[in-house]
Amino acid sequence: ERPDLSDRFLGCLLGLAVGDALGAPYEGLTSSDIFFRFGAPDVIARNPSGDTLFYTDDTEMMIGVAETLVEHGEIRGVDLIKAFVANYHPERGYGRGARQILETAQAGGDWKSVAETIFPGGSLGNGAAMRVAPVGLAFHADDDKVWEQARKSALPTHRHPIGIEGGQLFALAVALAVRSDQIDRKEFLTTLYNRAETEEFRWCLRAARRLRRGDSISALGSTLHAHQSVGTAIACFAACPADYELAVGRAIGLGDDTDTLAAMTGALCGAFGGVKAIPAVLLDKLEDGQNPKGKSHIIQLATRLYERFQ
Ligand code: F2R
Ligand code: MG
Ligand code: MG
Ligand code: MG
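Throughout what follows, the structure given in this document is the object of discussion. Bear in mind the structure is a predicted one, so any value in this text is a computation, not a measurement. (Residues numbered from 1 in each chain as written. Chains lettered and ligands numbered in written order. Predicted model: local features only at pLDDT ≥ 70, side-chain atom pairs only at ≥ 80, totals over all residues. Heavy atoms only, no water.)

## Topic: the overall build of the chain
Working step 1: Counting secondary structure elements, the chain contains 18 helices and zero strands.
Working step 2: Computed over C-alpha atoms, the radius of gyration of the chain comes to 17 Å, within 12% of the 19 Å expected from 2.2 N^0.38 for 310 residues, which places it in the range of a compact globule.
Working step 3: A principal-axis box enclosing the C-alpha atoms of the chain has dimensions of 50 × 45 × 40 Å.
Working step 4: Put simply, the chain shows about 12,500 Å² of open surface, and 49% of that area lies on carbon and sulfur atoms.
Working step 5: In the chain, 32 side chains carry a positive charge and 40 a negative one; their mean positions are 4 Å apart. (Helix = DSSP H or I, 4+ residues; strand = E, 2+ residues; numbered from the N terminus. Rg over C-alpha atoms; globule rule 2.2 N^0.38 Å. Areas by Shrake-Rupley, 256 points an atom, 1.4 Å probe, with all protein chains shown as cover. Lys, Arg positive; Asp, Glu negative; His and termini not counted. Charge placed at Lys NZ, Arg CZ, Asp CG, Glu CD.)

## Here we look at the coordination of the magnesium ion (ligand 2)
Working step 1: Those protein atoms acting as donors to the magnesium ion (ligand 2) are T56 (OG1), D57 (OD), D58 (OD) and D259 (OD), and they sit at 2.0 to 2.3 Å.
Working step 2: Between consecutive donor residues of the magnesium ion (ligand 2), the sequence gaps follow T-D-D-x200-D.
Working step 3: In this structure, the magnesium ion (ligand 2) lies 3.6 Å away from the magnesium ion (ligand 4), the two metals sharing D259 as a donor. Neither residue differs from the other here; T56 and D58 are each classed as buried. (Donors = N, O, S within 2.8 Å, 3.2 Å for Na, K, Ca; no water. Buried < 20%, exposed > 50% of the residue type's maximum accessible area, 1.4 Å probe, protein only.)

## Side note on the side chain of R131
Working step 1: Here R131 shows up in the loop between helix 8 (127–130) and helix 9 (133–138).
Working step 2: Side-chain polar atoms of R131 contact the backbone oxygen of S153, separated by 2.6 Å.
Working step 3: Among the polar contacts listed, one links the side chain of R131 to the side chain of T157, at a separation of 2.8 Å.
Working step 4: Excluding its chain neighbours within four sequence positions, the residues that come into contact with R131 are D58, M61, M62, V65, F84, S153, A154, T157 and H158. (Polar contact = N/O pair within 3.5 Å; in protein donor to acceptor, adjacent residues only side chain to side chain. Contact = heavy atoms within 4.5 Å.)

## Brief notes about the nonpolar core
Working step 1: The biggest cluster of nonpolar side chains holds 108 residues, and the ones touching the most others in it are L69, F170, F188 and I234.
Working step 2: When residues of this core are assigned to their parent elements, the largest contribution, 11 residues, is made by helix 11 (residues 161–179). (Core = buried A, V, L, I, M, F, W, Y, C linked by side-chain atoms within 4.5 Å.)

## Examining the environment of Q106
Working step 1: Looking at the element boundaries, Q106 is found in helix 6 (residues 96–106).
Working step 2: Taking C-alpha positions, Q106 is 9.2 Å from Y88, a pair spaced 18 residues apart along the chain.
Working step 3: Beyond its immediate chain neighbours, meaning those up to four positions away, Q106 contacts V85 and Y88.

## Description of the packing of aromatic side chains
Working step 1: Taken as a whole and judged by the stated rule, the model has seven aromatic pairs.
Working step 2: For the ring pair F9 and Y306, a centre distance of 5.6 Å and an interplane angle of 85° mean the geometry is edge-to-face. Of this pair, F9 sits in helix 1 (residues 5–23) while Y306 sits in helix 18 (residues 295–309); the two residues are 297 residues apart in sequence, bridging distant segments of the chain.
Working step 3: Given a relative accessible area of 21%, Y306 falls into the partly exposed group.
Working step 4: A ring pair is formed by Y26 and F38, whose centres lie 5.0 Å apart and whose planes are at 85°; its orientation type is edge-to-face. (Phe/Tyr/Trp six-rings, centres within 6.5 Å; stacked < 30°, edge-to-face > 60°.)

Here is the structure:
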């Protein structure tokens, strides 16, 4: 039996936070390092190191997006940057560009020109995608609205077409996952492919669709560039949508940007399967209590998001 919509909202946000925290210790390692030091993908997701799972910038920024939607009902750049700054803890591991933009905004400076000039053509990092899940949930019944709101949620920090489209495609993937009763891998990837505008994402989603059972997903990339991670996470989910541990474990097993790959994969598995998709042992370990924006806050946000947008 399919979980109801409120349960899927919750599964999505918690699935993202748990995936992020689970993948965080491996960020920057190579795939073979992870395999030989920590074991196969399914083992990784079953045996988190330590008693508490601490999330990173991925979840911290997702919380800012969710708070903005709950409070204002839509995304406006000025509100969003305020939420990002209010939640900002640099020690959670932000990208270099994101850090400069948020610290400029924090100091009352001209953050918009920093966002425009920080990298040639703007940032194409996967930061807009890793945080955008609440947009996909809120507007899941209207793909054009998802596309438009995801763009607005990217722009404060990501001006490059690839950075923006990474956010838009991931938001659309969340919308599809949350409203689907079953996932047909090829159909899921084709829907996203048909929406993709940049050559980079068209290549990636075409390559994802061509993969066959047993093929390695690693050819799709696992870096913190949007076109080398967003399609990868989507492919990890589409290959086994009903198996959180395996999908997230495989994402981590690819190496490099492991927290973000696992966050995005986990968000999709949770949006599709609801909270029960996430192993209870992992959920129990997600940070709470000490952190006022820990697990309890995320649960409350998912509930409010559902109440406001259902
Ligand atoms: N930043 C991290 N982890 C630290 C990883 C260190 C890394 N191995 C290293 O050596 O630098 N994690 C978090 O950042 C990612 C999300 O990043 P976001 O929010 O998109 O930030 P930013 O700074 O805009 O972009 C990330 C990096 O991508 C490169 N880049 C972006 N635009 C570029 C362009 N137009 N041309 C060339 N390079 C570009 C830069 O290196 C940026 O710093 C997530 O993984 C999150 O977990
Ligand atoms: Mg991170
Ligand atoms: Mg976003
Ligand atoms: Mg990362």
